[in-house]
Amino acid sequence: PDIHEHPAAILGVGVDVDIWRVADGQFVEHWDVIQPVPEKPRNDATMWCGKAATYAEARQAGDTVAQPTCGPAGPATDRATSLATVMSYMSMGQEPGRAAQAVRTFVAEDFVQHSAHIAQGKQALVEYFEAHARERASAGRKSQLARVLADGDFVLTHRRVTSAADPRGTAY
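> Please clarify how unusual backbone geometry should be interpreted in this entry.
Glycine aside, negative phi is the norm for most residues, and most peptide bonds take the trans geometry. At aspartate 24, a position not held by glycine, the phi torsion is positive, near 50°. Checked against the element boundaries, aspartate 24 lands in the loop between strand 1 (14-23) and strand 2 (26-36).

Here it is as structure tokens:
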């Protein structure tokens, strides 16, 4: 198989995010995060942001950086502005009981949700956080940022979420 094909992607059961650190022209670190694709997603926005459901279809999509499959590229955005927005959102959202407020403050009305576990739209995200706030607080849930990468209007956060019951945590 192609080096980019991950076993979960080959089987059609997951969406994979790879983070690479490069030094002197070689990969020196790699993080691999996989999110399963549920049989019945809560919204119709694909988790892989596009029309392709298979690796072969994704290859045919071509250069999705220059021509995104999830709509036209946004206006040129300053990396520092994008980064500051995400960091402010993350900071507010990590404070106990303020995740829904962070959504109300920072999320646009025409927000597109690509997580298959949350229904579409801003209000659905508010409701998701409100429904889970008490449970997360009582579980001692904590989120720690490991990496934040920004390129124009795209920002990727890589974090570890732990709880009293799961001290090893989960990568997000």
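> Just to check I follow, could you spell out the nonpolar core for this structure?
Ranked by size, the top nonpolar core spans eight residues in total: Ala99, Ala100, Val103, Val107, Ile118, Leu125, Val126 and Phe129. Only helix 4 (99-106) and helix 5 (122-138) provide two or more residues apiece to this core. If near-sequence neighbours (up to four positions away) are discounted, valine 126 is found in contact with Ala100, Val103 and Arg104.

> Is there a simple way to think about a nonpolar patch on the surface in this case?
Residues Trp20, Val22 and Phe27 make up a contiguous nonpolar surface patch of about 350 Å² in total accessible area. Using a relative accessible area of 44% as the deciding quantity, one classes tryptophan 20 as partly exposed.

> Hey, could you run me through the sheet that holds strand 4 (residues 154-162) in this one?
Whether parallel or antiparallel, the strands of a sheet pair through hydrogen bonds between backbone atoms. Spatial strand order, 3-4-5: three strands in an open sheet with antiparallel pairing. In this open sheet, the two edge strands, each paired with only one partner strand, are strand 3 (142-151) and strand 5 (170-171). In this sheet, strand 5 lies alongside strand 4 in antiparallel orientation, the contact comprising two bridges. Note that in strand 5 the partner of arginine 160 across the bridge is alanine 171.

> How should helix 3 (residues 79-94) be read in this particular structure?
In an α-helix, one turn spans 3.6 residues; hence positions three or four apart end up facing the same way. The terminal C-alpha atoms of helix 3 lie 22 Å apart, and with 16 residues this matches the ideal 22 Å at 1.5 Å per residue to within 8%. Buried residues of helix 3: Ser82, Met90 and Met92, and no others. In this structure, the buried side of helix 3 is in contact with helix 4, strand 3 and strand 4.

> Explanation requested: the packing of helix 4 against helix 5 in the structure shown.
For any two helices packed against each other, one specifies the inter-axial angle together with the distance between the axes. Close contact between helix 4 and helix 5 brings their axes to 8 Å; oriented N to C, the two are set at 165°. Classified by the interaxial angle, the pair formed by helix 4 and helix 5 is roughly antiparallel. Crossing handedness for the pair helix 4 and helix 5: right-handed. Only Lys122, Leu125, Val126, Phe129 and Glu130 of helix 5 make contact with helix 4, whose side of the interface consists of Ala99, Ala100, Val103 and Arg104. Each residue belonging to the contact of helix 4 with helix 5 can be placed in one class, and the counts come to six nonpolar, no polar and three charged.

So, how was this worked out
Residues numbered from 1 in each chain as written. Predicted model: local features only at pLDDT ≥ 70, side-chain atom pairs only at ≥ 80, totals over all residues. Heavy atoms only, no water. Helix = DSSP H or I, 4+ residues; strand = E, 2+ residues; numbered from the N terminus. Core = buried A, V, L, I, M, F, W, Y, C linked by side-chain atoms within 4.5 Å. Buried < 20%, exposed > 50% of the residue type's maximum accessible area, 1.4 Å probe, protein only. Contact = heavy atoms within 4.5 Å. Patch = residues over 30% accessible without salt bridge, like charges linked within 9 Å, V, L, I, M, F, W, Y side chains within 5 Å. Areas by Shrake-Rupley, 256 points an atom, 1.4 Å probe, with all protein chains shown as cover. Salt bridge = Lys/Arg side-chain N within 4 Å of Asp/Glu carboxyl O. Pairing = 2+ DSSP bridges. Expected span 1.5 Å × (residues − 1). Axes fitted to C-alpha atoms, helices over the stretch in contact; angles between N-to-C directions. Parallel < 35°, antiparallel > 145°, perpendicular 65-115°, else oblique. Left-handed = near helix turned anticlockwise from the far one by under 90°. Nonpolar A, V, L, I, M, F, W, Y, C, P; charged D, E, K, R; others polar.

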